[in-house]
Structures are given as C-alpha cells and as structure tokens.
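# Structure assessment
The chain contents come next:
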Amino acid sequence: MDAFLENFNYIVYVVLMMIGLYAMISKNNLIKKLVGMTIFQSAIILFYVSIGAKEGAAIPILDHHQMHVAAAHDDHADTHKDKADTHEGEHADTKIHKADKHAAGAHSNHTSAEHASTHTDKLEAPHAGEHGDHDGHHGSSEINPAKFSNPIPHVLMLTAIVVGVSTLGVALSIVQRVHQGYGSIEEDDILNQIGPNTDG
Amino acid sequence: MILTFDTVALILLVITAIMALKIRDLLGASVVLGIYGFLMCLLWADMGAVDVAFTEAAVGAGVSTVILIATVYQTTRHSKD
Amino acid sequence: MRVKPIKVFALLAVICVGSLLLSAMGDFPAFGDPNSPANAGQLATHYITQVRVETKVPNIVTAVLADYRGFDTMFETVVILVAGLAILAILRRPACESSRRFAEIAAMKSHVDLIQVTTCRLLIPVIQLFALYVIAHGHHSPGGGFQGGVILGASFILMALVNGLRATLLRFSEKKALFLSAVGVIIFAGTGLICMLLGGNFLDYEVLHQILPYTDPVMARSHAMLIVEIGVAFTVMSIMFLIYAVLSSGGEMEGGL
C-alpha cells in the first residue's frame, strides 16, 4: 500500500499508456485509433517531464537578479583578489591591458580599487547574510541546480509534442484518403470491401 | 508542486481518456481530447515545465483539436463502436 | 454479444506490457527527488549553472533548445516541413464536380456571421501581435519559436473558420505558405552554414560575432538564437495553416469548414 501511494503517479502513467495502446489495437473506427495514439503519446511525454520535476523547485528561467548578481559578483571577486595578493602573482598571467593600467597609473588604479571596495561594502551590507550561506539561497551568486527544474526533459518533450501533432496530421490525411476511396472509416467495412483473400 | 492537485488531475486524466474513447459521437470525442490536452497542460505547469505547458496548450488543445474536427467533418460523425 | 478476438488479443497484450512496465516501476526514484540520477547528473547541472555565462540567455530551455541542442531543433523543423509536404502529397487533388457545385452554392449563400466576423476582425491582429511577442521574448519568458509559430498559425486558422477558407487563401495562398516554410528551414540551416563559412563548426554561433555588429562571442550566441527561432516560427506557422487548409477541405482548397 505504501509502495502504491509513493508510486501512484507512475502507475497512472502506465495506465494511460495502456489505455492508448488498447484503443490503437482494438477499436474499429480509424479516428478512435488515432485518439488512442494521441493519448499514448501524451502519456509518454507526461512520464518524461515528471522525471525532471523537483520538489520545491522553480521554473528553469533565471530572473534578473540571478543573471546580473552573478556578473557583479565575479567582478567583486576580481577586485578582492587584486587587493588580497599584492598584484605580483597577477602580473605574470593577466592580460596586457591590466599590466598597462598598472604601470601607467598605479595611483588611479588604487583609488579606483578603493572606490570599488567601498562600493562593494555598501552593496554587501544588505547582502551580508546571503554571502554567508551559499546553499540554495536565491540571492547568493551561486546558482543551486537543485532549485531549478531539470531543463533537459523539457527540451526533448517540446520536440516530441510538435512532431506528435505532425504525425497526427499525416495520419488524419490518410484517414480522409481512405474515406474517399472506400466510403467508410470503420475497419471491418473496409476489410470487407477489400475482399476476403488479401494475403496469398 | 502541489501534490493534491497532481493526484486529482491524474485521476481526471484517466477518466477523460476513457471517455474520449467511449463516446460514439466523434465530435464529442474530439472535444474531450481537447480537455485531455488542457489537463496535461495544467499538470506540466504544476511540475515546473512552463515551456512544455505553453506548447501543449497551443498545439495539443488548439491545433490538434481543430484538425481532428476538420477530419470528422469530412468523414462520418458517428462511429459504430 | 460475441467478444471479438481482436479485443481479447488487445487485452492480453495490454496486460503483458502493462505488467512489465509496472514491475520496472519499483526501481524508479521518488517523484520530485532532486538527487535522482537524471536530475543530479553532470549535463543538467552544467546547463543550469553555465547558461548565464556562456550564452547570457535567462530562459534555460530556449538556450538548450536553440544552442546546445540546435541539431535536434533543426531536424525537427525539417520534420514539420516534411509532414506538411506529405499531407499535400496524400490528399491534394483538383476540385471535382460535386465540390465545385457545393463551392458555388456556398459562395452564394454566405456563411459568414456578422458577430463572428466583427469580433475576429478586432481579435486577429492582437493575436498575431501577441504571437510575435512570444517569439521575440522567448529569451526571457516561456515561449520561443514553436509557441509563437503555432499561435500565428492558429490566427490564420481562426480567420479561415470565420471568413471562409477561400477568403483566407486569397491572403495566404498555398504557394506563399510553402515558400515561407522553406524559407524558415533555410534560415535555420543557413545560419549554421554561415558559421561554417566563418571558420567554426556547423551551428557554432560564437564565430558569428565577426559579422554581427557590436557583439562579442557570447552575445552573438544570444542573437543567433533569436534568428534561428524566427526561422522555426516561419515554418511552423505555414505548415500549421497548410495542414488545416488541406484537411478541412478534403484536399481541394474549396469550401471547407
């Protein structure tokens, strides 16, 4: 009973798939068969999307804060690094423009770094609590993957839905063509019209 | 992810699927298939898949229902079983 | 009432397959588990954490769809085009005598309803504007090429339902629809080809910063995604309307719903 309740949604997906499969095999009317095909495809897409669902997760769209706090935090990390080690390690492996800035105006660089540091202090005061804990809080610069729904099943199932409607369109055109040729869309009528000895 | 909503929607989904196959009037079956598509869309929006829900609402519950009704219009409306 | 053998066979098949699937269910991870193998895998975490750095597009699904998995999307667009062509090939026929008479009768006794026509005259431009918004804003909100293309196609279907298929075909003929759908695929594949001509791989958007003005390689990916989504929207719009036009008129493009 516990296993039933835990896996209830998986059981429903299997039931939906089997309803669709049963309809495709056993129904007499061609359009009912196509309804069964649609149900089957939708149930499979539901199963895939439910794999990517996470408890308490947000939709996989980053908001403005998460996009730009990240970039700003990378800049702040750079200035912190500059102030921490006295630019000597930086000289060897930074680009030419940083070396130029340094050689040309050490003063201006210092003052700008100080401005940047006061700015970061002012900016970090309201965010002080958030820098402390990095685990999963939206305001921090690190994006916690556990807080977003898995985007890969969504991408695959977008393709699946559109391909499914294209397949439905082709199948419906075949049904219409059969109706134009035989006058009916019931399977036994069509088989009677084709004749009893179709396979040699 | 609201679990009660998920459970209710899944039960409704099974009921709708069985009804779409049992209704003999094919126009009604197409409309019930549209309901099925909309329930799927709600379920996916609840699971956090908003792009998929948007696509299913436009494609599955919109265009798919219309082309099914267009085919029913060109063929017969009632099925034997 | 005799039970038909096909139904017995269908029931047996369904029970076998269903029991196989249900027995495999015991191994599934719990629903909504963030640490299941699919969710905690390396690819998903890479996409979620690196999308803002590598592409600067907030909508992760659009970024994966148009950039990281661009090949899948391109071939899906081709599949939609081929489905439209297949429907034309199966069903398209010249209008025969009985349907021509029906079309004349239908033209004489106009089926248009005043309320519907007036309402849709106001609604259809708004629907199309919303569809263009969905395409253009696909980077920041749910949406993108497919959704916007389907809404555009649905607006033409609405026009056909309300004003009659003939009036809509005067505005958006079959030739235009086929041309636009091919243009959509050419835009997508052409972007990839231009990337190859500029020295990168096929659909490697970073090298496009050499021809797009005022962009760095990261923004070039974002802009190329928009171009590619526009191509997809063209194809989807034309083929959705074409499928409806062919199916609702039995292939004759006269009369119809």
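Residues numbered from 1 in each chain as written. Chains lettered and ligands numbered in written order. Predicted model: local features only at pLDDT ≥ 70, side-chain atom pairs only at ≥ 80, totals over all residues.

### Observations regarding the overall build of chain B
Across its full length, chain B holds three helices and zero strands. Going residue by residue from the N terminus, the α and β elements of chain B occur as α-α-α. When its C-alpha atoms are laid out on the principal axes, chain B stretches across 40 × 25 × 10 Å. Looking at chain B as a whole, 59% of its 81 residues are labelled buried. For chain B, the proportion of contacts with a sequence separation of at least 24, taken over those separated by at least 6, is 54%. (Helix = DSSP H or I, 4+ residues; strand = E, 2+ residues; numbered from the N terminus. Buried ≥ 20, exposed ≤ 12 C-beta atoms within 10 Å, placed from the backbone. Contact = placed C-beta atoms within 7 Å.)

### With respect to the overall build of chain A
On a plain count of helices and strands, chain A comes out with 10 helices and zero strands. Starting at the N terminus and ending at the C terminus, chain A contains elements arranged as α-α-α-α-α-α-α-α-α-α. Taken across its 200 residues, chain A has 34% of its residues classed as buried.

### Considering the interface of chain A and chain C
Opposite the 43 residues of chain A that make contact, chain C presents 46 residues. When contributions to the side of chain A that touches chain C are tallied by element, the ones reaching two or more residues are helix H2 (8–26), helix H3 (30–51), helix H4 (64–84) and helix H9 (151–182) of chain A. Broken down by element, the side of chain A that touches chain C gets its largest block of residues, 16 residues, from H9 of chain A. Split by residue class, the side of chain A that touches chain C holds 27 nonpolar, 12 polar and four charged. (Nonpolar A, V, L, I, M, F, W, Y, C, P; charged D, E, K, R; others polar.)

### Remarks on the interface of chain B and chain C
In this assembly, 15 residues from chain B lie in contact with 18 residues from chain C. Of the residues belonging to the side of chain B that touches chain C, the class tally is 10 nonpolar, four polar and one charged.

### Section: helix H2 (residues 26–46) of chain B
Along its 21 residues, H2 of chain B runs 30 Å from first to last C-alpha, staying within 8% of the 30 Å computed at 1.5 Å per residue. Just beyond H2 of chain B, the residue with positive phi is Gly-48 of chain B, at close to 95°. (Expected span 1.5 Å × (residues − 1).)

### Some thoughts on the confidence of the model for chain A
Averaged over chain A, the pLDDT score is 73; the fraction of residues at 70 or greater is 62%. With pLDDT under 50 throughout, residues 84–139 of chain A is counted as low confidence; its partners more than four residues away or in other chains account for 29 contacts. (pLDDT = per-residue confidence, 0-100.)

### Quick look at the environment of Ala-224 of chain C
Residue and element names in this part refer to chain C. Assignment of secondary structure puts Ala-224 in helix H10 (residues 217–248). Counting along the chain gives 177 residues from Ala-224 to Tyr-47, while the straight-line C-alpha distance between them is 18 Å. For Ala-224, the residues in contact, after removing those within four places along its chain, are Thr-191, Tyr-205 and Leu-208.

### Description of the packing of helix H3 (residues 50–74) of chain B against H10 of chain C
One can describe the packing of H3 of chain B onto H10 of chain C by two numbers: an axis separation of 8 Å at closest approach and a directional angle of 15°. By the angle class used here, H3 of chain B and H10 of chain C are roughly parallel. Here the hand of the crossing between H3 of chain B and H10 of chain C comes out left-handed. Together, Val-63, Val-66, Ile-67, Ala-70, Thr-71 and Tyr-73 of chain B of H3 of chain B and Met-240, Ile-243, Tyr-244, Leu-247 and Ser-248 of chain C of H10 of chain C make up the contact between the two elements. (Axes fitted to C-alpha atoms, helices over the stretch in contact; angles between N-to-C directions. Parallel < 35°, antiparallel > 145°, perpendicular 65-115°, else oblique. Left-handed = near helix turned anticlockwise from the far one by under 90°.)

### Description of the confidence of the model for chain B
Residue and element names in this part refer to chain B. Per-residue pLDDT for chain B averages 92, and the proportion of residues at 70 or more is 100%. Confidence, read as mean pLDDT per element, is least for helix H1 (residues 3–22) in chain B (92) and greatest for H2 (94). Across the interface, the model reports ipTM at 0.94; the global pTM reads 0.83.

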